[in-house]
Amino acid sequence: MSKMRYCYIISIIFLVAVGNLNTVGAQEKINQDVKVVKAYTPIVSDAFKVSYMPEVDDSTTFNPNFNYRILSTAVSTNYQPAPIAAAKINTARKEYLHKSYIKGGVGNYSSVLAELGYNILENEKFLLGLNIYHLSSLGNVTLEDDKTVDATFHDTWVAADFKHFFDDKTLSVDIGFNHNKYQYYGYQTLSDGTLYDMPDGSLLAGSFLVPDIDQRLSGLEAKISLSNNETNERKTQYNTWAGFNTFGNLTGVGQAGFELGGHLYRPINDLTFELGGAIESYSTSVPDTIGTMYTFADRSHTLLKVNPSVRFKSDNASLKVGLIMAGVLDTEGDEFYLTPDIMGELTVVEGIASIYVGVNGKVNMNDYQSIMTENAFASADINVKSSVYGLNFMAGIKGNFSASTSFTAGMEYGFFNNEHFWVNKAYSTMVTSPELMTIQHYSNQFDVVYDDGSVLKVMGELLYKPKKTMEFALNGAYYGWSLDTQTEAWHMPEVEIGVSGSFNVLENLYANAGIKYLGERSAYDVTDASFVKKLDGVVDVNIGAEYFFSKQWSFWVSMNNVAASKYYKWNGYPTQRFNAKAGIIFSF
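Residues numbered from 1 in each chain as written. Predicted model: local features only at pLDDT ≥ 70, side-chain atom pairs only at ≥ 80, totals over all residues. Heavy atoms only, no water.

Visitor: Which residues make up the pattern of salt bridges, and what values go with them?
Guide: Pairs may arise between side chains of opposite charge once their charged atoms sit close together. Per the counting criterion, the structure on display carries 10 salt bridges. Measuring nitrogen to oxygen at the nearest pair gives 3.2 Å for the salt bridge that ties K465 to E471. Its relative accessible area of 33% is what places K465 among the partly exposed residues. (Salt bridge = Lys/Arg side-chain N within 4 Å of Asp/Glu carboxyl O. Buried < 20%, exposed > 50% of the residue type's maximum accessible area, 1.4 Å probe, protein only.)

Visitor: Tell me about the side chain of Q183, and please be specific about residues and values.
Guide: As for its position among the elements, Q183 is in strand 7 (residues 169-183). Among the residues examined, Q183 registers a relative accessible area of 12% and is labelled buried. At a separation of 3.3 Å, a polar atom in the side chain of Q183 contacts the side chain of D214. (Helix = DSSP H or I, 4+ residues; strand = E, 2+ residues; numbered from the N terminus. Polar contact = N/O pair within 3.5 Å; in protein donor to acceptor, adjacent residues only side chain to side chain.)

Visitor: Give me the pairing of strand 3 (residues 126-137): which residues, what numbers.
Guide: For strand 2 (residues 111-122) and strand 3, the ladder comprises 10 bridges, and the chain directions are antiparallel. Among the inter-strand pairings, E122 is bridged to a residue of strand 3, identified as L127. Pairing geometry for strand 3 and strand 6 (residues 153-165), over 12 bridges, is antiparallel. The residue bridging G129 from the neighbouring strand is D161, located in strand 6. (Pairing = 2+ DSSP bridges.)

Visitor: How would you explain the side chain of H301 if you had to name every residue and give the values?
Guide: Position of H301 among the secondary structure elements: in strand 14 (residues 299-313). Note on H301: relative accessible area 1%, which makes it buried. Contact partners of H301, with chain neighbours within four places excluded, come to E280, S281, Y282, L329, D330, M365, N366 and D367. (Contact = heavy atoms within 4.5 Å.)

Visitor: Please set out the environment of Y196 residue by residue, giving values where relevant.
Guide: Mapped onto the elements of the fold, Y196 is located in strand 8 (residues 195-197). Residues Y196 and G206, 10 residues apart in the sequence, show an inter-C-alpha distance of 6.7 Å. Within the structure, the side chain of Y196 is placed 2.5 Å from the side chain of H441, a separation counted as a polar contact.

Visitor: Describe the packing of aromatic side chains, with residues and values.
Guide: Across all of its chains, the model carries 27 aromatic pairs by this definition. Relative to W481, the ring of F416 has its centre 5.7 Å away and its plane inclined at 65°; by these criteria the two rings are edge-to-face. With F416 in strand 19 (residues 405-431) and W481 in strand 21 (residues 470-483), this residue pair connects regions lying 65 residues apart in the sequence. An aromatic cluster is defined as three or more aromatic residues linked by ring pairs; in this entry it consists of Y182, Y184, Y185, F377, W422, F446, W570 and Y573. Above the face of the W556 ring, K103 is positioned so that its terminal group lies 4.6 Å from the ring centre. If you follow K169 out to its NZ or CZ, it ends over the ring of F166, 6.0 Å from the centre. (Phe/Tyr/Trp six-rings, centres within 6.5 Å; stacked < 30°, edge-to-face > 60°. Lys NZ or Arg CZ within 6 Å of the ring centre and 35° of its normal.)

Keep in mind these values describe shape, not function.
Laid out in structure tokens, this is it:
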């Protein structure tokens, strides 16, 4: 049976499930909204934060993010807690029940920040909130050749969140818009007057291979979801959603996409039956003329996924057994995947510790928008294949040392196909002096290389909350990559370690601090005899505070990269060093 026919079978199974179960499924946590009305803090859903320039969290909540973008922010990592994680840190910050706020601030690198959160409607039946955010920076950075260049950016997003509370269900609508402008400021070795070999056999001067300095990305997303308000695990729960998005850049590339999905959770006696499924579809188009340096083709691809499972739960153990069936319909080739979805947990000491073990798999759908979000300096003509983790084994332990201390530790070992790694676009040219030879140069745009292999991840997390107004977190991860053809896992760290804390210093003064270490990474460098450039490890120190003058006025300050470390997320692109901002918040 062909792969295409497998995909059609999945589609039929999925549609039948929708008709019989009144749901469309996906592996998402059941939405357990209940009809509880409280002051709404307007904040855009993560789904709509299409972030292409530096993400900066200027509130007192410390949330480290290591980004490709220019602004020095708290260095974050690829670390993710184990599937069954310790309780998350919950910043104890003074909150006043005001519906809305205005936040403003300025900082070095000519940074300006402004934000509005407005709770338009709030009652027992409805919530409606609006969030508007803008961050600009007009600073410059110094490249590895000691040349100082402009590295300005402007980030703007707008989001609206609507909820309608029925007696037994909740309807949610989220709409978000992002507009991000930035520059290709990175270091590159191309020479304007040199002729370089092109894939079609022609020659092109280096000046035609350097992208226009400015880039602009815009995205619009809308999502509607419906879930019942059931929180009792012994009763049926469901969540369904549908979404639409558009995306485009200054180069002229555009993408449109939609998604349908949901999750059904139905207990029967000691068993719980779950059905998840989703459809994601994207279509990319390009203008007729996009420049001599690009070779772009229209693309459409669709992912269909169904995830049925059965869960058994006793007083001290639980076991989930299921399958993940996925089909990818792509202009670059259709594929079908089938992976197990098994997870078991056993309580070793009641209230103290439990162990877990499992195996599953996943398909990473790499559409154009997600790739440009991952690396905004990617070449505009890039098309990235979907990667598949056919088997991913996991095991670990989690629990509590005391009422104030919780922990989790675990490992994962996965096998993958078509995983992508970022490398600078490279071009070759012939020189005749002192002898005829081929040399290579690289651009400040990125392409990808693919490889199959396996990865081992060992991770741990420790949370400590000695009292209500003080919390600390320590986490770390080790990654061991084994690749079939590539000599290194380009731009991937081997070690990540972080510690953070938040505390109430005085009655009206709240502070947070964090230290992150990102281990040494490797970049592919065609100009080096070894083809490897080492990107030094990074130690990043970040501090923030907020002081409340009254119930309506507060002053905030944030300092990122306090040690002024020079680090790179992507080869050739240094971030800003010490970065400080301060401002006020007015709540109303």
